[in-house]
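In case you want the letters, here they are:
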Amino acid sequence: MSRIHFDHIAIATHRMADAPAVLVGVLGGTPTGDGGPSGAYTWGHWRFAGGGRLEILEPLGADGFLHRFLATRGPGIHHVTFRVPSLAEACERAGAHGLRIVGRDESDPAWAEAFLHPKEALGLVVQLAESRVAEMRPPFVAPPGPAQPPPAVTVLGLRTRARSAERAHTLWGAVLQGHRAEAAGALVYRWPGSPMRIAVDLDPGADEGAGAVELAADRAVGLAETLHPVLGTVFRRSEA
């Protein structure tokens, strides 16, 4: 991979088995076969029209970071993942712009990762991941969804909040090298070849962080634009 790729949005919930009712039955997503147990949690991916992906995280065991997240915040958006051609270079850029690196792990020859601390990363956990060799893992069998799902929506990306354009551009532009545009009063960052975007609403008095997963569809989507009771996430229709 020669450029940064916005890979997926990860949502934490208590039971992955509850997610397909929404991801498949309402949004028309398809499990990708990626996922499985990974230490203190298990994960799975669902793909939507245009290639956007949502990840579901479920805690395993009696304790761990995901248990703590759910206990303090409840279900909701946990992180966003960007695949980078060089983890070392991405971490160096982040450090040069005053962003803390936490959880850096290069022990797996196939996968190296690090995270940007949410205090500097606009209230979000941002995962930087470098895939070094092809992973050989059996396909993950996701929990089943409804038998006759509707057509898939397009997952456009994540709507977020930032206190200033400078703070937004430090993260999404300078560190993650997104291409910036403006649309309907928001800053929009895109990555060539990535199906999803980051949209940023600017508000000097706002609590920075995730706002909503943005969708596009040419059909009705039967979700209220409020926090979903199981996924703890707002799903909002927007313009592509």
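Preceding this paragraph is the structure being described.
Described in the following lines is the structure provided in the data block. As the structure is a computational prediction, the values presented were derived from the model and not from experiment.

## With respect to helix 3 (residues 87–96)
Turning to helix 3, its buried residues are L87, A90, C91 and A94. Considered in projection along helix 3, the buried side chains sweep an arc of 95° and stay on one side of the axis. Facing away from the buried side of helix 3 by over 90 degrees, the exposed positions are E92 and A96. Structurally, helix 3 contributes buried residues whose contacts are with strand 6 (101–108), strand 7 (111–116), strand 8 (126–131) and helix 4 (165–175). G98 occupies a position one or two residues after helix 3 and carries a positive phi of about 80°.

## What to know about the environment of G232
Among the structural elements, G232 can be located in the loop between strand 13 (209–216) and strand 14 (235–237). Between the C-alpha atom of G232 and that of M196, which follows or precedes it by 36 residues, the distance is 20 Å. Those residues in contact with G232 that sit more than four places away from it in its chain are P75, G76 and L227.

## Side note on the nonpolar core
Membership of the largest hydrophobic core comes to 55 residues, with the highest contact counts inside it found for L27, F82, V126 and W172. Excluding anything up to four places from it in sequence, L27 contacts V22, F48, P151, A152, V153, L215, R219, V221, L223 and F235. Listed in part, the 7 residues of the second largest apolar core include A10, W43, L57 and F69.

## Focus on the sheet that holds strand 7
The strands that make up a sheet are held in pairs by hydrogen bonds between backbone atoms, and each pair lies either parallel or antiparallel. The strand order across the open sheet formed by 8 strands is 2-3-4-1-5-8-7-6, and the pairing between neighbours is mixed. Whereas interior strands pair on both sides, the edge strands pair on one side only; in this sheet they are strand 2 (30–38) and strand 6. Strand-to-strand twist across the sheet, computed as the mean angle between neighbouring axes with direction ignored, equals 20°. As defined by bridge partners, strand 7 adjoins strand 8 across 6 bridges and the pair is classed as antiparallel. Among the inter-strand pairings, A114 is bridged to a residue of strand 8, identified as L128.

## Some remarks on the environment of A49
With respect to the helices and strands, the residue A49 is situated in the loop between strand 3 (41–47) and strand 4 (53–59). Judged by relative accessible area, A49 falls into the partly exposed class, the value being 27%. As a C-alpha pair, A49 and G28 span 21 residues in sequence and 8.6 Å in three-dimensional space. Not counting residues up to four positions away in its chain, the partners in contact with A49 are A152, V153, T154 and V155.

Thresholds applied
- Residues numbered from 1 in each chain as written.
- Predicted model: local features only at pLDDT ≥ 70, side-chain atom pairs only at ≥ 80, totals over all residues.
- Heavy atoms only, no water.
- Buried < 20%, exposed > 50% of the residue type's maximum accessible area, 1.4 Å probe, protein only.
- Helix = DSSP H or I, 4+ residues; strand = E, 2+ residues; numbered from the N terminus.
- Arc of directions from axis to C-beta.
- Contact = heavy atoms within 4.5 Å.
- Core = buried A, V, L, I, M, F, W, Y, C linked by side-chain atoms within 4.5 Å.
- Pairing = 2+ DSSP bridges.
- Axes fitted to C-alpha atoms, helices over the stretch in contact; angles between N-to-C directions.

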